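Observations on chain architecture
So you can see what is in the structure, the chains are spelled out below.
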Amino acid sequence: MNIFKNPALNRWLTTTDHKDVGMMYFFATLLFGFIGLVLSLLIRIQLYQPNNGTAWLDWAPGDDAGAFYNSMVTMHGAVMVLFFVSPLSFAFANYVVPLQIGAKDMAFPRLNALSFWTFLFGGLVAASGFVFGGAADVGWTFYSPLTSLEYSPGNGVNLAGAGLVLLIISVTASTINFIVTILYHRQKNMDIWDMPIFTWTILFTVILMLTIFPILLAAILMLVGDRLFETVFFIDENRGSILWGHLFWFFGHPEVYVVLLPELGMLAEIVPVFARKPLYGKRYIIYSLIVGTVLSVIVWVHHMFITGINPTFRKFETIGTELVSVPFGLIYLSLLATFYRSKPNWNNLPLVFVMGAIGIFLVGGITGVYLSSVAMDVNLRGSYYLVAHFHYTLGAVAVMTLGGIYYWYPKMFGRLMDQKLGKWHFWITFVGINMT
């Protein structure tokens, strides 16, 4: 379909090829990552000393510098989690999964292109509040009643909600596409147990996304109803803040595993190649992924231990949260066991990033186990311990993803990345994450 005179522009705006869509995901997520990074740097400038005031924010749009700071905090979290880290893995999924299973393309190529464009416009709409009177300034969890018209009368929350609706449309189209492609478009002689481990992790990821994103959509539509049509879903008198907490964290906690699973698949692809050994315990890793995926959906309430929920329910959620570490611990040990009696070449950059990610992920995982205790969670809630745990986990995911970039970059771009710059890249990233 030639609707533009420029052949290159026409190709990228109308393509349905899974490789092209993967490349567009790659560069679009880097754009959102840059936006999130700039916001985080501005946040840290504000916090570099106590009682810093807001004088340095005089250049900010609008009259309320404090609200602008809150907008930066809100949009940093939302952009990094929903529009950068998670979609970046789908850049590789679009490019690699059809190749791994021998499919000619995704099952529904046009639907695949639609999922990218709705994702891109969703992110731009969500962040556009900065130029339309102020972005959402309610925290990335969008807690009620801060999102009500009484406390957030501007367009920021509305634009963020519209962007998230577009994102959910993208996710729905993409997840259905991947499920159909993986289950029905494999090579005829490829049994499901023969699929590469990265494809397995993408399958579990999209099943998880198809489970949790409709809940987020329902919550957003109810929020829109409260703001525009005077419904009362999240009114405080109706315990609306508790309702929002349940709906958001039923989505929000499994979303961490949506971010994590593809990156674990990248690790499991890279380690056997450079250890020159088969992946240890592949079947046990797959079983662990099944258990971890199920448990991730039923432990959301540990984010709400301080809300006064039923004590018996808190006990079940504590046990479930502790148990969720077991399957991922087995995956972790399987990756380490693959190195047993191997002689890896540490000049291989993907392997270097993998080992850094394994170390960072250990800290992120162990610190999370402590938060499963109600007593510790109540005391640590809202502290920098919690912030550090979350960023250690996502820092590990980021380093895993960088390992995937170094591993698949030659496949995608036809050239190797520079070895010397790559080592500098690793050490600056590794040290920077730990300092953060």
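Below, the structure is looked at part by part. This structure is a prediction, so every number in the text was calculated from the model and none was measured. (Residues numbered from 1 in each chain as written. Predicted model: local features only at pLDDT ≥ 70, side-chain atom pairs only at ≥ 80, totals over all residues. Heavy atoms only, no water.)

**Quick notes on the overall build of the protein**
When its secondary structure is counted, the protein shows 14 helices and zero strands. Seen in sequence order, the protein has helices and strands lined up from the N terminus as α-α-α-α-α-α-α-α-α-α-α-α-α-α. Its C-alpha atoms give the protein a radius of gyration of 22 Å, within 12% of the compact-globule value 22 Å for 436 residues. Seen through its C-alpha atoms, the protein measures out along the principal axes to roughly 60 × 60 × 45 Å. The buried share of the protein, taken over its 436 residues, is 53%. The long-range fraction of contacts in the protein, counting pairs at least 24 apart against all pairs at least 6 apart in sequence, stands at 79%. Surface accessibility of the protein: about 20500 Å² in total, with carbon and sulfur atoms responsible for 67%. (Helix = DSSP H or I, 4+ residues; strand = E, 2+ residues; numbered from the N terminus. Rg over C-alpha atoms; globule rule 2.2 N^0.38 Å. Buried < 20%, exposed > 50% of the residue type's maximum accessible area, 1.4 Å probe, protein only. Contact = heavy atoms within 4.5 Å. Areas by Shrake-Rupley, 256 points an atom, 1.4 Å probe, with all protein chains shown as cover.)

**Remarks on the pattern of salt bridges**
Applying the stated rule across the entire model yields two salt bridges. Residues Asp377 and Arg381 are paired through a salt bridge, measuring 2.8 Å at the closest nitrogen-oxygen approach. Residue classification places Asp377 among the buried positions, given a relative accessible area of 2%. (Salt bridge = Lys/Arg side-chain N within 4 Å of Asp/Glu carboxyl O.)

**Describing empty space enclosed by the protein**
Here the structure, examined in full by the defined rule, presents four cavities of 30 Å³ or more. A volume near 130 Å³ is recorded for the largest cavity. Along its surface, the largest cavity is lined by 13 residues, and Pro87, Phe90, Leu167, Val171 and Met209 are the ones closest to its centre. Of all the secondary structure elements, the ones that give two or more residues to the lining of the largest cavity are helix H3 (65-101), helix H5 (156-184) and helix H6 (197-228). In terms of residue class, the lining of the largest cavity is made up of nine nonpolar, three polar and one charged. (1 Å grid on protein atoms, 1.4 Å probe; cavity = no way out; pocket = protein on both sides within 12 Å on 5 of 7 lines; lining within 4 Å. Points joined across faces, edges and corners; volume = space filled by probe spheres on them. Nonpolar A, V, L, I, M, F, W, Y, C, P; charged D, E, K, R; others polar.)

**Some remarks on the side chain of His389**
Position of His389 among the secondary structure elements: in helix H13 (residues 384-413). According to the relative accessible area criterion, His389 is buried, its value standing at 18%. Within the structure, the side chain of His389 is placed 3.3 Å from the backbone nitrogen of Gly368, a separation counted as a polar contact. Apart from the residues within four sequence positions on either side, His389 is in contact with Gly364, Thr367, Gly368 and Leu371. (Polar contact = N/O pair within 3.5 Å; in protein donor to acceptor, adjacent residues only side chain to side chain.)

**So, the packing of H6 against helix H7 (residues 240-275)**
Across the interface, H6 lies against H7 with an axial gap of 8 Å and an inter-helix angle of 160°. Between H6 and H7, the angle is such that the two are roughly antiparallel. Where H6 crosses over H7, the two elements pack in a sense that is left-handed. Taken together, the residues that form the contact of H6 with H7 break down as 25 nonpolar, four polar and two charged. (Axes fitted to C-alpha atoms, helices over the stretch in contact; angles between N-to-C directions. Parallel < 35°, antiparallel > 145°, perpendicular 65-115°, else oblique. Left-handed = near helix turned anticlockwise from the far one by under 90°.)

**A few points about the packing of aromatic side chains**
How two aromatic rings sit relative to each other is set out by the distance from centre to centre and by the angle between their planes. As enumerated under the stated definition, the model contains 40 aromatic pairs in all. Taking the centre distance of 5.4 Å and the plane angle of 80° together, the rings of Phe26 and Phe27 count as edge-to-face. The interplanar angle of 25° and the centroid separation of 6.2 Å between the aromatic rings of Phe83 and Phe119 together place this pair among those described as stacked. Of the two residues, Phe83 sits in helix H3 while Phe119 sits in helix H4 (residues 109-127), which places them 36 residues apart along the sequence. Among the aromatic side chains, those forming a connected cluster through ring pairs are Phe26, Phe27, Phe92, Phe198, Phe274, Tyr407, Trp408, Tyr409 and Phe413. The ring of Trp12 has Arg11 sitting right over it, with the charged end atom 4.2 Å from the ring centre. Positioned above the aromatic ring of Trp193, the side-chain terminus of Arg283 is 4.2 Å from the ring centre. (Phe/Tyr/Trp six-rings, centres within 6.5 Å; stacked < 30°, edge-to-face > 60°. Lys NZ or Arg CZ within 6 Å of the ring centre and 35° of its normal.)

**Regarding H6**
Taking 1.5 Å per residue, 32 residues should reach 46 Å; H6 reaches 46 Å between its end C-alpha atoms and fits that length. The largest bend in H6 is about 25°, located at Leu210, with the proline Pro214 one to four residues further on. Looking at the residues trailing H6, positive phi occurs at Glu230, about 60°. (Expected span 1.5 Å × (residues − 1). Bend = angle between axes of the 7 residues up to and from the residue.)

**A few points about H13**
Along its length, H13 reaches its greatest deviation from straightness, about 40°, at Tyr407, and the proline Pro410 lies no more than four positions downstream. A positive backbone phi angle near 75° is found at Gly414, which sits one or two residues after H13.

**Notes on a nonpolar patch on the surface**
A cluster of nonpolar side chains, contributed by Ile319, Leu323, Val326, Leu330, Leu333 and Leu336, occupies part of the molecular surface with about 520 Å² of accessible area. Elements represented by at least two residues in the nonpolar patch include exactly helix H9 (311-323) and helix H10 (325-337). With four residues, H10 is the single largest residue contributor to the nonpolar patch. Mapping Leu336 onto the fold places it in helix H10. (Patch = residues over 30% accessible without salt bridge, like charges linked within 9 Å, V, L, I, M, F, W, Y side chains within 5 Å.)

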